[in-house]
Amino acid sequence: VEIDKADDQVGLPRMNECGEMVYSIGVIDLPGTAVFRYDNGLIEQLSDDPSTPHVFPDINSNGTVVWTRGWSGFGGGEIAMFERGVMTILAEGSRATINDMVHIAFYKFEPVTCASESGVFFYDGETVDPIMDDGLSNQWAEINNLDDVVWTRKYSCANPWVADIMFWSDGRIIQLTDSAVQQNVPTVNDLGHVAWQTADSHHANYGIWKWEGDDPQLVIVAGQNPRLNNNGDMQFLRWDEGLSTWDTFVYIDGVEYQLTSETAWNIDGDINDWGEVVWHWALPPIFNGGIRHMRRIRTGEADFDGHIDLRDAAAFQNCMTGPGDFDGTVGGFDRLCDCRFLDIDHDRDVDRDDYALFAAAMTGPQ
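Undergrad: Even after reading the chapter, I still don't get the state of the cysteines, so can you show me in this structure?
TA: When the sulfur atoms of two cysteines share a covalent bond, that bond is a disulfide. Overall, the coordinates contain two disulfides when judged by the stated rule. In this model, cysteine 18 is linked to cysteine 337 through a disulfide, with the two sulfur atoms separated by 2.0 Å. An S-S torsion of about -65° defines the bridge between cysteine 18 and cysteine 337 as left-handed. Here cysteine 18 is found in the loop between strand E2 (14-15) and strand E3 (21-26), whereas its partner cysteine 337 is found in the loop between helix H1 (310-319) and helix H2 (352-361), with 319 residues between them in sequence. Taking relative accessible area as the criterion, cysteine 18 reaches 2% and is therefore assigned buried. Linked covalently through their sulfurs, cysteine 319 and cysteine 339 form a disulfide whose S-S length is 2.0 Å. Taking the sign of the torsion about the S-S bond as the criterion, the disulfide between cysteine 319 and cysteine 339, at about -75°, is left-handed. In this pair, cysteine 319 sits in helix H1 while cysteine 339 sits in the loop between H1 and H2, placing the two residues 20 residues apart along the sequence.

Undergrad: Teacher, can you tell me more about H1 here?
TA: Each α-helix turn comprises 3.6 residues. Residues three or four places apart therefore point the same way. Residues of H1 that are buried: Asp312, Phe316 and Cys319. When H1 is viewed along its axis, its buried side chains cluster within an angular range of 65° and face the same direction. Facing away from the buried surface of H1 by more than 90 degrees, the exposed residues are Leu310, Arg311, Gln317 and Asn318. The secondary structure elements touched by the buried residues of H1 are H2.

Undergrad: Where do I start with the side chain of glutamine 182 in this structure?
TA: Tracing the sequence through the fold places glutamine 182 in strand E18 (residues 182-188). One polar contact links the side chain of glutamine 182 to the main-chain carbonyl oxygen of tryptophan 161, over a distance of 3.1 Å.

Undergrad: Just to check I follow, could you spell out the layout of surface pockets for this structure?
TA: Over the atoms rolls a probe the size of a water molecule, and in doing so it shows where empty space is left. What the second largest pocket holds in volume is close to 370 Å³. As for the second largest pocket, its lining consists of 26 residues, and the residues nearest its centre are Met15, Glu17, Ile98, Ile143 and Arg227. Residue composition of the lining of the second largest pocket, grouped by class: seven nonpolar, eleven polar and eight charged.

Undergrad: Please clarify how the sheet that holds strand E6 (residues 54-59) should be interpreted in this entry.
TA: For sheets, the rule is that strands pair by backbone hydrogen bonds, running either parallel or antiparallel. If you trace the four strands from one edge of the open sheet to the other, you get E6-E7-E8-E9, paired in antiparallel fashion. The open sheet is flanked by E6 and strand E9 (86-92), the only strands paired with a single partner. Averaged over all pairs of adjacent strands, the angle between strand axes in this sheet comes to 25°, irrespective of strand direction.

Cut-offs applied
All residue numbers here refer to positions counted from 1 along the written sequence of the relevant chain. Local features in this predicted model are restricted to residues whose pLDDT is 70 or higher, and side-chain atom pairs enter the listing and the counts only when it is 80 or higher, whereas totals over whole chains, interfaces and linings include all residues. Side-chain measures were taken over the full set of non-hydrogen atoms in the model, leaving aside hydrogen atoms and water. Criterion for a disulfide: a pair of cysteine sulfur atoms within 2.5 Å. Working definition: helices are DSSP H or I runs of at least four residues, strands are E runs of at least two. Numbering for both runs from the N terminus. Per-residue accessibility, obtained with a 1.4 Å probe over protein chains only, is compared with the maximum for each type, and a residue is labelled buried under 20%, exposed over 50%, and partly exposed between these values. The directions considered for the arc run from the helix axis to the C-beta atoms. Contacts were defined at the residue level, with two residues in contact if any of their heavy atoms lie within 4.5 Å. Any N or O atom pair separated by 3.5 Å or less is treated as a polar contact, with the protein-specific requirement of one donor-capable and one acceptor-capable atom, and with residues adjacent in sequence counted only for side-chain atom pairs. Any residue with an atom within 4 Å of a point lines the site, the site being either a cavity, points on a 1 Å grid over the protein atoms alone where a 1.4 Å probe fits but cannot get out, or a pocket, an open set with protein on both sides within 12 Å along at least 5 of 7 lines. Grid points are joined across faces, edges and corners, and a volume is the space filled by probe spheres set on the points. Residue polarity follows a fixed list, in which Ala, Val, Leu, Ile, Met, Phe, Trp, Tyr, Cys and Pro are nonpolar, Asp, Glu, Lys and Arg are charged, and the others, Gly among them, are polar. Only strands that DSSP links by at least two bridges are regarded as paired with each other. Every axis corresponds to a line fitted to the C-alpha atoms, with the helix fit spanning only the stretch in contact, and the corresponding angles, defined between N-to-C directions, vary from 0 to 180 degrees.

In structure tokens form, the structure reads like this:
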């Protein structure tokens, strides 16, 4: 599904377990960038300052959004949180990620020397505390629902630079790698598994490594920018030498599936526990583009076990909202979350019209 096609530069999208996603759109050659939220077919602009960059949004499964306000292009800015229609500035920092407890991990950039100093910080809903602030470039922090945090610790003064992947859990820091190569963009799920990309000093031989509590293992050759869900599935990218473009892939149960193959760059995105995928595409050299969403088809299944039976009927009964008086905005009706799969006619409610479609689709157990 094409979510938002623009003549402007579209930024990194993130998605939660309710199928809601957030992303940024910036007008080419103008300073402002706005954050948008997509929910079940509708788009809402969350930031309203056209002169300020609003970038790197993230969203939890309760619908709370964080992003970087005032990012300079290399670092800096403030962590903005949007909750129940109200935006709050939490702290100075960049690239925040948020979990379902509204706990946030981010980094704060302080360029002083070649080390490009930045520290990783943790917000517990009340206070902000440092996790690591050791004079190196600690960046690209990500948090899971267990309050585990991963990030890149980069040795920027080395030529070529190298980096480690760091993991913080229960107040203890573990170094997962050996500083030998360029390692970056870590991702962590609620199983405590961590994945990241690795390259040599010439930016060649990209691969994705995964850590599950023991020695890291190479799981995807020539992959980049991994994103894990809580089932261990992964969305990632791979460079196509023939077309000179990036393609989006998913890795499910040990099998790679290629989702795109075209001259446009299909790049950074996200995957949720339902296997739905979002990413953005861009046309170099200006990199205008849009957002694409591979979503589950609504067949009447609630649990996607291959048939429509009494379990799905019980879920349907629990999801019934009645006909909605929808006013056309994202906040104009209750969030359906997992019940969205039973909104079979896509009108943002679960009512008798959906039940008629559901009853006709019933197969019984297999």
